[in-house]
Amino acid sequence: CSWQKDDQTGMMAMALLHGQTKNDMFAKQAVDTARASVIPNLYFYAVGENVLLNESIPADLRQRDLLYITAFSERDGSNTTGHFNNEIAQEQFALVEIITTLFIIVVWLVGILAFVGPVMILVVEPIERMVRLLGMLMKDPLGYANTKEFRDFMREEEKFNEQSMWGKDVLSGMETHFLMKTLLRIGSLMKVGFGSAGVEIIRNNLERGLRKDVLFLNKQGSTVSCIFLFCDIRQFTDATECLQESVFVFTNKIAAVVHSICNSWGGTANKNIGDAFLVTWLLDEEASDGGKEEEKEEEDFSISTTQVMFSSVTENLYARNNQAERALLAVVKISIALHYDNFFVESLNEEARNRLLTKLSKRKGPIVQMGFGLHAGKAVQGAIGSQRKLDATYLSESVERAEFLESSTKTYGVPLLMSESFYSLLDSTNKYRCRKVDQLIYLGPENDSLTDPREILDTGEKMSIYTFDMDIDALWRAPPANEDDGYSTTSNSDVEVRRSAKMNTLKRRTSVRRLTVGGLNVGGGAEILGNSTLTKGKSSRRFSSTTSMNSPFRDTENSTDDIETPESRKRTLVLPSGISKYSDKSWLEPDIKTIRHDLVSNGVFFPKFDDGLKSYYAKDWDHAKKCFETVLSQRDDGPSRYYLKCMEKHGGQPPRDFIGYKISK
């Protein structure tokens, strides 16, 4: 690179000509010689007022392309003037200016990329993503994580991290990344803290409180239709006394089972009450009147409806997306999971674990036993509390009804009771799988003084209650030698008799039982629960096995021959983390068939119990007693024992005021 001084030829020539042109005899000749040799671009030259050269300037020459040079002598005051064509020099100067400008632009762009680019990538874009996340939180505070928009959002986040020139360590250390994670944690905490009943609270306060640091608690609640599952841990007081500080670890293990399985089948955890849990499934709004749209919906979904009493007004309930089947299936999966004792005690310290096992050693069944109540009805969801403490919950008689059903499981000796409103939401196939246990008549506080049977029948609210029978122990029994793979799990009496007769005519073959929970078959190695895995361990210890989790009447003296010993197996329970896809085939999985096989295979259990129940209502207690005794000769059954005790209490004769309903107040 070399530096070159500006061309000074014109100025030097003008200085020489200034001295040479003072003599008039040589002035013209000096100008012509200079123009012909060193300054051919001279167009005009004058000495004072005497013009020696005046050629015409080209028309395309711009004014700025002319160079005016004046030589002045201080001694005598004379001056000479010359006009030059400076077009070439101007072009060169313009080219230099253009190059300089382009260089500055390049430097400026590099500066933008070097400084503004990181600001956009590390600050502006993360803030825009946070605004998008807040928008999703406002739209759906609880379900935003399951929406397509959020999944696309997370994919964009991963793609951004992969394509960014910044490393993960740099990105994860940025304050914007911390704020994004904080927003996600806040969303998760709101979901856990408020539950499904708090959706409107979160949404309304986010939308209305954008410029105010307050909570809006003056808003009325909203009425929703839900399925309510109320479940309670048996002998929780004894567990608390044994475990002391470790009771939280024990309880949270149970809560993890209940919540994760219910969530995988579409439920939402609403409330934890120490030893009890409330889970809900939101039902659909009222069906539209549009003909074509309704027909299309009926083609796409199995629509179940029922009517319930709410505030003395009959309301319809709609379950277009198999909510009732999902809720019932969730209870079945939970019941199976509760038999994996090691899952619940492995995190306890040895001292607490030994105290608990010693305390429960005389109780038959698994370590954790629960009762379940399922009811469908209306409820008001809203916020209760103040600015200092706020709870989102459901207020309704329906919640109390679900709790009543759960508490009644102890009376009937079954793990699960369902109300008639819930039962009506099931499809016909699943109704066959359920068993009617009793029929109740409910008297409100204003009618609890009634004694006349006719007034009670006219005034009270009638409700039938049902159960879903499960033989969980069958999952741990050795498979029978002549097991048939084609048995059904349907509990309808006529259907079972016909299928049982058909099964007896089929050619039987031996098979190795394969247990599944949630749709995946596993032979001998692991079971799947929802989206979870139950894996065999190397150790061979299982603390307990049971036939009926909550039955106080269970007699195992004659039922241990085909059950594996407690030391024979140990499995690890891995809970589901996602959503399980429901279909009618979910009820035909091998694990469901296994826990139902002994109940439906001989065609006696359900028909005899139904016959006995009808005879009990019809006051034919002699026949009812024979039926219930026949049932008990086949297997232990809590409801049959309950009715036998009721008949024994009254000396085998119906009382005069017997109305065929159990009165509940």
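Residue positions are counted from 1 within each chain, in the order its sequence is given. With pLDDT at 70 or above as the cut-off, local features in this predicted model cover only qualifying residues; side-chain atom pairs require 80 or more to be listed or tallied, and sums for whole chains, interfaces and linings still use all residues. Only hydrogens and water are set aside; all other atoms, that is, all heavy atoms of the structure, feed into the side-chain values.

A word on the overall build of the chain
Which entries qualify depends on this criterion: The numbering of helices and of strands both runs from the N terminus, where a helix is a DSSP run of H or I of at least 4 residues and a strand a run of E of at least 2. Working definition: with a 1.4 Å probe on protein chains only, accessible area under 20% of the residue-type maximum means buried, over 50% means exposed, and in between means partly exposed. Here, residues are in contact when the closest pair of their heavy atoms is within 4.5 Å.
What the chain contains, in helices and strands, is 22 helices and 18 strands. Here the chain, with 665 residues, has 45% of them falling under the buried criterion. Once local pairs closer than 6 in sequence are excluded, the contacts in the chain between residues at least 24 apart make up 74%.

Things to note about the pattern of salt bridges
Cut-off, in case you're wondering: Salt bridge, as used here: a side-chain nitrogen of Lys or Arg that lies within 4 Å of a carboxyl oxygen of Asp or Glu.
Evaluated as defined, the whole model comprises 18 salt bridges. Of the charged contacts in the structure, one is a salt bridge between D637 and R435, with a shortest N-O distance of 2.7 Å. Residue D637 is located in the loop between α21 (621-634) and α22 (638-649), and its partner R435 is located in strand β13 (residues 435-442); the two are separated by 202 residues in the primary sequence. With respect to class, D637 is no different from R435; both count as buried. Here D471 makes a salt bridge to R635, at a shortest N to O gap of 3.7 Å.

Brief notes about helix α4 (residues 148-163)
For the record, the criterion: Helix span, expected: 1.5 Å multiplied by one less than the number of residues in the helix. What the arc describes is the spread of directions from the helix axis to the C-beta atoms.
The end-to-end C-alpha separation of α4 is 22 Å, in line with the 22 Å expected for 16 residues at 1.5 Å each. Three or more residues of α4 are buried, namely F150, F153, E157 and F160. The arc that holds the buried residues of α4, viewed along the axis, is 80°, so those residues lie on one side. Residues K148, E162 and Q163 are exposed on α4 and point more than 90 degrees away from its buried face.

Topic: the sheet that holds strand β1 (residues 42-47)
Formally: The rule for pairing is simple: two strands pair if DSSP sees at least two bridges between them. Angles shown run from 0 to 180 degrees and are taken between the N-to-C directions of axes, each axis being a line fitted to C-alpha atoms and, for helices, limited to the stretch in contact.
One open sheet accounts for four strands, arranged β2-β1-β4-β3; its pairing is antiparallel. Bordering the open sheet on either side are β2 (50-54) and β3 (66-72), each of which pairs with just one other strand. Between one strand axis and the next, the sheet turns by 10° as a mean value, whatever way the strands run. Bridge count between β1 and strand β4 (residues 79-85): five bridges; the pairing is antiparallel. By the bridge assignment for β4, A46 is matched with T81.

A few points about the packing of aromatic side chains
The line we're drawing: The aromatic pairing rule takes the rings of Phe, Tyr and Trp, using the six-membered ring of Trp, and pairs them if the centres are within 6.5 Å, calling planes under 30 degrees apart stacked, those over 60 edge-to-face and the rest tilted.
Enumeration according to the criterion identifies 16 aromatic pairs in this entry. Taking 3.7 Å as the distance between ring centres and 5° as the angle between the ring planes, the aromatic pair formed by Y423 and Y466 counts as stacked. A residue pair is termed long-range when its members are at least 10 positions apart, and Y423 in helix α15 (residues 420-425) and Y466 in strand β14 (residues 461-467) qualify at 43 residues. Here the two residues Y423 and Y466 agree in accessibility, since each one is buried. Ring centres of F605 and F606 lie 5.0 Å apart, and the angle between their planes is 85°; on these two criteria the pair is classed as edge-to-face. F606 carries the same exposure label as F605, and that label is buried. Ring pairs connect the aromatic residues Y412, F609, Y616, Y617, W621, F628, Y642, Y643 and F658, which therefore count as one cluster.

Some words on the nonpolar core
Rule in force here: To qualify as a nonpolar core, a set must consist of buried Ala, Val, Leu, Ile, Met, Phe, Trp, Tyr and Cys residues joined through side-chain atoms within 4.5 Å.
Core analysis: the largest hydrophobic core is formed by 67 residues, its most contacted members being I227, F250, L328, L356, M370, L374 and F422. The dominant element in this core, judged by the number of residues it contributes, is helix α11 (residues 323-337), at 10 residues. Counting 26 residues, the second-largest nonpolar core is a separate cluster that includes V414, F609, Y642 and C646.

Quick word on the side chain of S335
In plain terms, the rule: Pairs of N or O atoms within 3.5 Å make up the polar contacts considered here, provided that, within protein, one atom can donate a hydrogen while the other can accept it, and that residues adjacent in sequence are counted only when both atoms are side-chain atoms.
Along the chain, the position of S335 falls in helix α11. Here V331 takes part through its backbone oxygen, which lies 2.8 Å from a polar atom of the side chain of S335.

Focus: unusual backbone geometry
Even without being a glycine, Q235 presents a positive backbone phi close to 50°. Classification of Q235 as partly exposed rests on a relative accessible area of 34%. A positive phi angle, near 55°, is found at Q244, a position not held by glycine. Structurally, Q244 is set in the loop between α8 (236-243) and α9 (247-264).

Some words on the confidence of the model for the chain
Going by this rule: Every residue is assigned a pLDDT by the predictor, reflecting its confidence on a scale from 0 to 100.
Across the chain, pLDDT averages 75, with 73% of residues at or above 70. A low-confidence stretch, residues 288-303 (pLDDT under 50), is modelled with 15 contacts involving residues beyond four sequence positions or located in other chains. Here residues 307-314 is a poorly scored stretch, pLDDT under 50, and it has 16 contacts once near neighbours within four places are set aside; other chains count.

Considering helix α2 (residues 24-37)
Helix length check: α2 (14 residues) gives 21 Å between terminal C-alpha atoms against 20 Å at 1.5 Å per residue, within 8%. All of the buried residues in α2 are A27, A30, V31 and A34. One face of α2 carries all of its buried residues, which in axial projection span an arc of 100°. Opposite the packed face of α2, turned more than 90 degrees from it, sit the exposed residues M25, Q29 and A36. For α2, the elements touching its buried residues are α1 (9-20), β1 and β2.

Details of the packing of α21 against α22
Filter applied, for reference: Here a crossing is called left-handed whenever its near helix is offset anticlockwise from the far helix by less than a right angle, and right-handed whenever the offset is clockwise. Any residue that is not Ala, Val, Leu, Ile, Met, Phe, Trp, Tyr, Cys, Pro, Asp, Glu, Lys or Arg is counted as polar, Gly included; the first ten are nonpolar and the last four charged.
Interhelical geometry of α21 versus α22 gives an angle of 145° and a closest axis separation of 9 Å. The element α21 and its partner α22 pack so that their crossing is left-handed. On the side of α21, the interface is formed by W621, A624, K625, F628, E629, V631 and L632, while α22 contributes S640, R641, Y643, L644, C646 and M647. Looking at the contact of α21 with α22, its residues break down into nine nonpolar, one polar and three charged.

Things to note about the pairing of strand β7 (residues 276-282)
Within β7, six of the seven residues are buried, leaving the element largely enclosed by the surrounding structure. Pairing analysis gives seven bridges linking strand β5 (residues 222-233) to β7, with the strands arranged antiparallel. Paired with L229 across the bridge in β7 is V279. Where strand β6 (residues 268-273) meets β7, five bridges bridge the pair, whose relative direction is antiparallel. Each bridged residue has a counterpart across the sheet, and for T268 the counterpart in β7 is T280. Between β6 and the antiparallel strand that follows it, β7, lie two residues; G274 among them carries a positive phi value of about 70°.

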